[in-house]
Amino acid sequence: MDRRKFIQAATLSGMGLIAVGKSAWAARSVEPATERKLIVVLLRGAVDGLNVVIPHGDPNYYQMRPTIAVPRPGQEDGAIDLDGYFGLHPALISLQPLWQQGKLAFVQAAGSPDPTRSHFDAQDFMESGTPGRKATADGWMNRLLGNLPGVSTPTRAISVGPVMPRILSGHMATTNIASGAAAGRPGVLDRPAIGTAFSKLYQGQDAMSHAYRDAQQAHLEVMSSLEDEMRNADNGAPPPNGFPVDASHVARLMRNNPRIQLAFMALGGWDTHANEGAGKGQLANHLSPLGQGLATLARELGPTFDDTTIVVMSEFGRTVRQNGNNGTDHGHGNVMWLLGGRIAGGKVHGDWPGLDENRLYEGRDLAVTTDFRTVLAQVAERHLQLPDTRLEQIFPALPRQVKPLNLMRV
Amino acid sequence: MLAVFAAGTSASAMAETDWAKHHPRRHEVNKRLNNQNRRIHQRVRTEERIHLKRHFVLIVGVLACVIALPAPAAELTGQQRALHVLNRLAYGPRPGDVAQVMRMGVDQYIDEQLHPERIVLPASLNRQLANLSAIKKSDRDLIAEFRDAAKEAKQDPERGKQERRELVKQIALQTAAARLSRAIDSPRQLEEVMVDFWFNHFNVFEGKGLDRVLIAGYEREAIRPHVLGRFRDLLGATATHPAMLFYLDNWQSTAPGFKPLFRGGNKQAPSGLNENYARELMELHTLGVDGGYTQKDVTELARILTGWTFDPREGSFRFAERRHDQGDKTWMGHSINANGQAEGEFALDELAKSPATARHISYKLAQYFVADQPPPHLVEQLARRFTQSGGDIRAVLNTLFHSPEFWDPANYGGKFKTPYQYVLSALRASDAHVVNYLPVLGALRQLGMPLYGCQTPDGYKNTQEAWLNPDALTRRINFATALAAGRLPLSTIPDRDNAHAMEQAKNFTPVDAKVLAATLDGLLSEQTRASVAAADSRLQSALMLGSPDFMHH
C-alpha cells in the first residue's frame, strides 16, 4: 500500500472513532481479528501453588506441611475436591461453578526452566518470555501483539495500574488505565481549553507525544465504555477498590469495545514466608478476592467469555516443606490456571511428578514438568490463532514438550 | 534539548558501523541516532508493519544521520551546568537557585553538598520539624503505644482498633511530613536525595504489621546517619534494625529444631530457618543477583544469621544465642566455625568488601545520577573508587560528580523524573510553602510511587522505561494543572470544624508564570516556550510544569 494513503486511512479511522464514540463500535459488527481475547493475571511474589491446587491424595503433602496443609476434602476448612487427587483451596469457592462447567483448568508442576529463586529475575523471565536471558528488551505480550493478524490500535492491549508492565513493553503501542474508581473519571484534559493547550505542547513525534496521544484516545474509550457505571457511582458512595473492581472494569471494556484484545493485570502479596495459614489465614485472605475477581471477569464478559482465555501465573512455586515460621520459602514448580470458554476445562493437566523426596527439585521443591511457555504458546496458537511460523518471534528457542498437552477444546 | 525526548523502550536494532565506532563524538551521536530510531519505531508501530516498515526505517534512518551530525556537541553553558547539579544533586531549582549556584561555582556547590554538616538549616525548617512529635519518639515508646492499642483492641475491639488506626495514621503522616519538608526546603539537598536513594535500596514497606510504627526510627537511625558515610556501617545498621528484621522475617528465623522455653501451647511458635532476609541481603543489598552465590549460600547465610532478632519491648536489636544455629557453616567458600553473632558480622564484612558489591552499588549510583544505561567505564571507575576507599560513599560520589560522563552534554536533561522527583521538583520550582502534605502524598500514590509504600524489597526503579506511560503522563498533567492553579490545599490544613480555615483553603493563589519562567530559564525547549507564550496566561504555569522538558532532568 502507498504509505501516504495508508496513514491517511489510519488517521481518518482514528479520528472517526474519537468523534463518534461508543455508538460507532456498538453499531459495527465485531472485528474478526480481535474477536478472540486473552487476559493474563500475574501473581507477583510467588503464590504457593501447592496450597492452591492441593495434592490431597499425596500423603507426603501432609507430612511435609504439619501446620499449613489445607485439610482433606470434607474436613473443616478442607479443600474442594476436583478429581479425587487434587483439590481447590476453599477460599476459591467462587470458581467452583466454572470448574463444573468445564471452563476452568489447571496445569500443575509448570514453571520456568531457569533455576533462579529471585522474584525479580523470575518475573522478568516470565514477562519477557525468554528464561535465562535478561537482555531481551520487550515483553512477550507486546511481541504477540506485533505478530497477530489485523491492525493494532493503542488500546488493543491494555493493563491496569499506574506503571506499564514489562510484559506489555516494546515497539507496539499499548495503554494502561487507572486502577480502581479513578478509571473512566473525567480529568482536567477533558476541559476544552486545557486539553487544547496541552495537545499543542505534545504534538511532536517523540515518545512523550505518542504516550500523550495514546492516553487521550484510551481515556475517551474507557470513559465511553464505563459511562453507565460512572453515572451510577456518582449517585452513591465511591465504589470500592481492589481486584474485583479492576476485573469488572476490564470485563466491561472488553465487552463494549471490540478493539481491545489483550489485557494484563498484576496482583501482589503472595510472598508468604511466615504465617501462611491453611484453609484460613493469610494466603486464604489473598485468594478470596482473586477468586471473586476471576468469577466477576467470567460473568461480566458475558458472551465474550466464550471467546476469552484467562491465564493466571506466578514466577515460581514455594518450598514443599514448610519453613521455621509456618510459611514457605522460594521454590520452583507451580500451578498455572486457565479459564475460558474454549479451554479443555474440568481437568488438572500436566505431568505430576509427585512429592516423593527423590522427585523433588534440588531436594526441596516441586519439579517443573511443563515449561510455562508451552502453555502460553498453545493459547497463542490454538486460541488466538497466531500463525505457527510466528511462534518463534514470541518464544524463541522454545523446546518441544515431551508429553503432548491438549489445553484447548478441539 | 533533543536528548530530552529519549524514548525508554528497547535498545535500538541499529548495528554499529565502523563510522559509528570511530566518530569523535561517538557517544552523543549514537545516542541521538538511537533516539531517532526509537521514535521511528514508535511511529511505525501504529501502522501495518509488513513491507512498509523496512523502507520507512531505511529512509528516515539515513535522514537521521544527516540531521544528527551537524548538531553541536558543545560544552554545557554556565547556566546549564548550574541547572544540571540542581537537577541531579538536588530536587530541581527553586527561584534564585540557579543564580546562586552560578555565583558560588558548580565545584563549590558539589563540595558543599558532599559535606551537609557544613550547611546551616534555616530556622523555619527547624521549627517545622520541631512540631512533628511522632518522629522523635523512640522505637520503644512507639511499639509500646502500638501494643497498648492492640491490647485495648482485645478488650474493646471498636475503641482499640480506632486508637491503633489513629496512632498509625499520625506516625505515618508525621514521618512523611518530615521527609517531604526536608526534601523541599532543606539546603542540604544531596543528603535528602541520598536518604531516598538508600532507603529505597534497603527498602522496608510501611504497610507490614509492626513496620507501621518502625519506619520513622529506621530512616532516622539506620539510614540518615550513614547516607554519605561508609557502606559497611549502613549495611550493619539496616541488618540490625527491627524494621528490617521484621520486614524480611529474620527476627523469627531460628536453628532447625529450636524449642522455645515457653511455648505456651502455641503451635505456631517459630522453629526453623527463614531464608527471606539472607537471600535479599545478597541479591538486593550487596552482591546483586549475578553476584555468584548459590542456593546453598542462601541457606548457609540464613543459618549464620539465625538468632538476629529484636526485643519487642525495647525495640532494639538482640542476638538470641539459644536460637542461633551452633553448627559449622560453609558459605561462599569460607569455612565458618560456630561463633555466635561474630559469624554474621564476618559475613557482612565480606559482603561489604566484595567486588560484586562494589559493582552493584556503582551501577545503581551511576544509573540514578547519570543515565538509565550507565556508561560501563564510569561504573568500573566508581567500583574501583568504592573498593580503594573501603566503601566510602562520599568518595564514590565525589568521583561520580567530577566524571566526564556526568558532564557529558548527551546526558544533560536525559533522565525521566520518577514521580517522587517530579512532584518535589514541581513544588520547589513553584516555591510552594507546604503545611498540609496530604495532597502531596495523594499525588505520589496516584502516580504509582506512594512514599514508604513499595511492598517489595527491591524498591522503586528510576528509569524512564519504568515510569513513562500514558496513564502516568495524564496524571502528571492533572497534578501540574492543579498545582499551577493553586487548587491543591497545601498551605492550610483543611479542618471541617473550622469555617475560617475552610474558607482560607479555598483561596487559590496561582503560581506566577513570570516567576516560574525565570526559575526554569534555560530548561525549557524553544518549542515549549512557544506553546506557553501562545497560551492563555492562566494556563502558562500549568503548561511549563506539565511539559515534557520539566518531566526530565
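For the structure, see preceding data.
Model, not experiment: these values are computed from the prediction. Residue indices follow the written sequence of each chain, beginning from 1 at its first position. Whichever chain is written first is A, and whichever ligand is written first is 1; the rest continue in order. Two thresholds apply to this predicted model, a pLDDT of at least 70 for residue-level local features and 80 or more for giving and counting side-chain atom pairs, whereas whole-chain, interface and lining totals are computed over all residues. Hydrogen atoms and water are omitted, and side-chain values are computed over all heavy atoms in the structure.

Asker: Honestly, the overall build of chain B in this entry has me stumped. Any pointers?
Answerer: Helix and strand assignments come from DSSP, with helices taken as H or I runs of at least 4 residues and strands as E runs of at least 2, each series counted from the N terminus. The helix and strand inventory of chain B stands at 29 helices and four strands. Should any heavy atoms of two residues lie within 4.5 Å, those residues are counted as being in contact. Considering only contacts in chain B between residues 6 or more positions apart, those separated by 24 or more positions represent 71%. The Shrake-Rupley method, run with a 1.4 Å probe, gives the accessible areas here. Residue values count only the displayed protein chains as cover. As presented, chain B carries roughly 23400 Å² of accessible surface, and 53% of it is formed by carbon and sulfur atoms.

Asker: Mind showing me how you'd approach the overall build of chain A here?
Answerer: Across its full length, chain A holds 13 helices and twelve strands. Burial here depends on accessible area, computed with a 1.4 Å probe over protein chains only, as a share of the maximum for the residue type. Under 20% is buried, over 50% is exposed, and the range in between is partly exposed. Here chain A, with 410 residues, has 62% of them falling under the buried criterion. In chain A, once contacts between residues fewer than 6 apart in sequence are set aside, the share between residues at least 24 apart is 74%. Of the accessible surface of chain A, which amounts to about 15100 Å², a share of 52% is contributed by carbon and sulfur atoms.

Asker: Can you walk me through the packing of aromatic side chains in this structure?
Answerer: We describe a pair of aromatic rings using the distance from one ring centre to the other and the angle between the two ring planes. Side-chain rings of Phe, Tyr and Trp, where Trp is taken by its six-membered ring, are said to pair if the distance between their centres is within 6.5 Å; with planes under 30 degrees apart they count as stacked, over 60 as edge-to-face, and otherwise as tilted. Scanning the entire structure with this criterion turns up 27 aromatic pairs over all chains. With centroids separated by 5.6 Å and ring planes inclined at 80°, the aromatic side chains of Phe199(B) and Tyr218(B) adopt a geometry described as edge-to-face. Linking Phe199(B) in helix 10 (residues 189-201) with Tyr218(B) in helix 11 (residues 211-223), this pair joins segments that are 19 residues apart in sequence. With respect to class, Phe199(B) is no different from Tyr218(B); both count as buried. Among the aromatic residues, ring-to-ring pairing joins Phe197(B), Trp198(B), Phe202(B), Phe231(B), Tyr368(B), Phe369(B), Phe386(B), Phe401(B), Phe406(B) and Trp407(B) into one connected group. Of note, Arg72(A) hangs over the ring of Tyr62(A), and the distance from its end group to the ring centre comes to 4.0 Å. The ring of Phe550(B) carries the charged tip of Lys417(B) above its face, separated from the ring centre by 3.6 Å. We count a charge as sitting over a ring when the NZ of a lysine or the CZ of an arginine lies within 6 Å of the ring centre and within 35 degrees of the ring normal.

Asker: Got a minute to help me understand helix 4 (residues 78-88) of chain B in this structure?
Answerer: Of all the positions in helix 4 of chain B, only Ala82(B), Leu83(B), His84(B), Val85(B), Leu86(B), Asn87(B) and Arg88(B) are classed as buried. Tucked inside the fold, the buried residues of helix 4 of chain B contact helix 5 (97-104), helix 6 (106-114), helix 10, helix 17 (355-369) and helix 20 (404-407) of chain B.

Asker: Would you explain the sheet that holds strand 4 (residues 87-88) of chain A in this entry?
Answerer: Paired through backbone hydrogen bonds, the strands of a sheet run either parallel or antiparallel to each other. Residues and elements named next belong to chain A. Note on pairing: DSSP must find at least two bridges between two strands before they are called paired. The antiparallel open sheet is built from three strands, whose spatial order is 2-4-3. In this open sheet, the two edge strands, each paired with only one partner strand, are strand 2 (53-54) and strand 3 (80-81). When strand 2 meets strand 4, the two strands line up antiparallel, connected through two bridges. Looking at the pairing, isoleucine 54 lines up with glycine 87 of strand 4.

Asker: Could you clarify how one ought to interpret the interface of chain B and chain A in this entry?
Answerer: By a widely used convention, the size of an interface equals the accessible area lost when the partners come together. Facing the 71 residues of chain B at the interface are 64 residues of chain A. As a working definition, buried area equals the accessible area (1.4 Å probe) given up by two parts on being put together, with both sides summed. Across the interface of chain B and chain A, roughly 5500 Å² is buried in total on both sides, 59% from carbon and sulfur atoms. The salt bridge criterion pairs a side-chain nitrogen of Lys or Arg with a carboxyl oxygen of Asp or Glu, the two atoms within 4 Å. On the surface where chain B and chain A come into contact, there are two salt bridges. Glu275(B) is paired through a salt bridge with Arg364(A); the nearest N and O atoms lie 2.7 Å apart. Counted as a polar contact is a pair of N or O atoms within 3.5 Å, where, for protein atoms, one must be capable of donating a hydrogen and the other of accepting one, and residues adjacent in sequence contribute only when both atoms are in side chains. Run the count over chain B and chain A and you get 17 residue pairs in polar contact (both at pLDDT 80 or more).

Asker: When you look at the pairing of strand 1 (residues 37-43) of chain A in this model, what are you seeing that I'm missing?
Answerer: Remark: a regular strand shows side chains that alternate across the two faces of the sheet. Residues and elements named next belong to chain A. Across the seven residues of strand 1, seven count as buried, placing the element largely inside the fold. Residues of strand 1 alternate between two faces, with Lys37, Ile39, Val41 and Leu43 on one and Leu38, Val40 and Leu42 on the opposite face, all of them buried. Bridge count between strand 1 and strand 9 (residues 308-314): seven bridges; the pairing is parallel. For valine 41, the partnering residue across the bridge sits in strand 9 and is valine 312.

Asker: What exactly am I supposed to notice about unusual backbone geometry here?
Answerer: Glycine aside, residues mostly have negative phi angles, and peptide bonds mostly take the trans form. Even without a glycine there, the phi angle at Ala397(A) is positive, about 55°. Its place among the elements puts Ala397(A) in the segment after helix 13 (391-394). Phi at Met332(B) takes a positive value of approximately 50°, unusual for a residue other than glycine. Its location among the elements puts Met332(B) in the loop between strand 3 (329-331) and strand 4 (334-336).

Asker: Explanation requested: a positive patch on the surface in the structure shown.
Answerer: Residue and element names in this part refer to chain B. Patch rule: a residue counts if its relative accessible area is over 30% and it has no salt bridge; like charges are joined within 9 Å, and nonpolar side chains (Val, Leu, Ile, Met, Phe, Trp, Tyr) within 5 Å. Neither His nor the chain ends contribute to the count of charged residues, in which Lys and Arg are positive and Asp and Glu negative. We put the charge of a Lys on NZ, of an Arg on CZ, of an Asp on CG and of a Glu on CD. A contiguous patch of positive charge, built from Arg147, Lys151, Arg313 and Arg318, is present on the exposed surface. Note that lysine 151 resides in helix 8 (residues 139-155). Overall, lysine 151 belongs to the exposed group, its relative accessible area being 55%.

Asker: Would you mind showing me how to read the packing of helix 9 (residues 157-185) of chain B against helix 21 (residues 419-429) of chain B here?
Answerer: Between two packed helices, the angle of one axis relative to the other and the distance separating the axes together describe the packing. Residue and element names in this part refer to chain B. Axes here refer to lines fitted to C-alpha atoms; in helices the fit is confined to the stretch in contact. Angles between the N-to-C directions go from 0 to 180 degrees. The N-to-C vectors of helix 9 and helix 21 enclose an angle of 60°; their axes lie 9 Å apart at closest approach. Taken together, helix 9 and helix 21 sit at an angle that is classed as oblique. The handedness of the crossing between helix 9 and helix 21 comes out as right-handed. Along the contact surface, helix 9 presents Arg179, Leu180, Ala183 and Ile184, while helix 21 presents Tyr420, Leu424, Leu427 and Arg428. Taken together, the residues of the contact of helix 9 with helix 21 break down into six nonpolar, no polar and two charged. An angle below 35 degrees is read as roughly parallel, one above 145 as roughly antiparallel, one from 65 to 115 as roughly perpendicular, and any other as oblique. Here is the rule for handedness: rotate from the far helix to the near one, and if that takes an anticlockwise turn smaller than a right angle the crossing is left-handed, while a clockwise turn gives right-handed. Under the scheme applied here, ten amino acids are nonpolar (Ala, Val, Leu, Ile, Met, Phe, Trp, Tyr, Cys and Pro), four are charged (Asp, Glu, Lys and Arg), and all others, including Gly, are polar.

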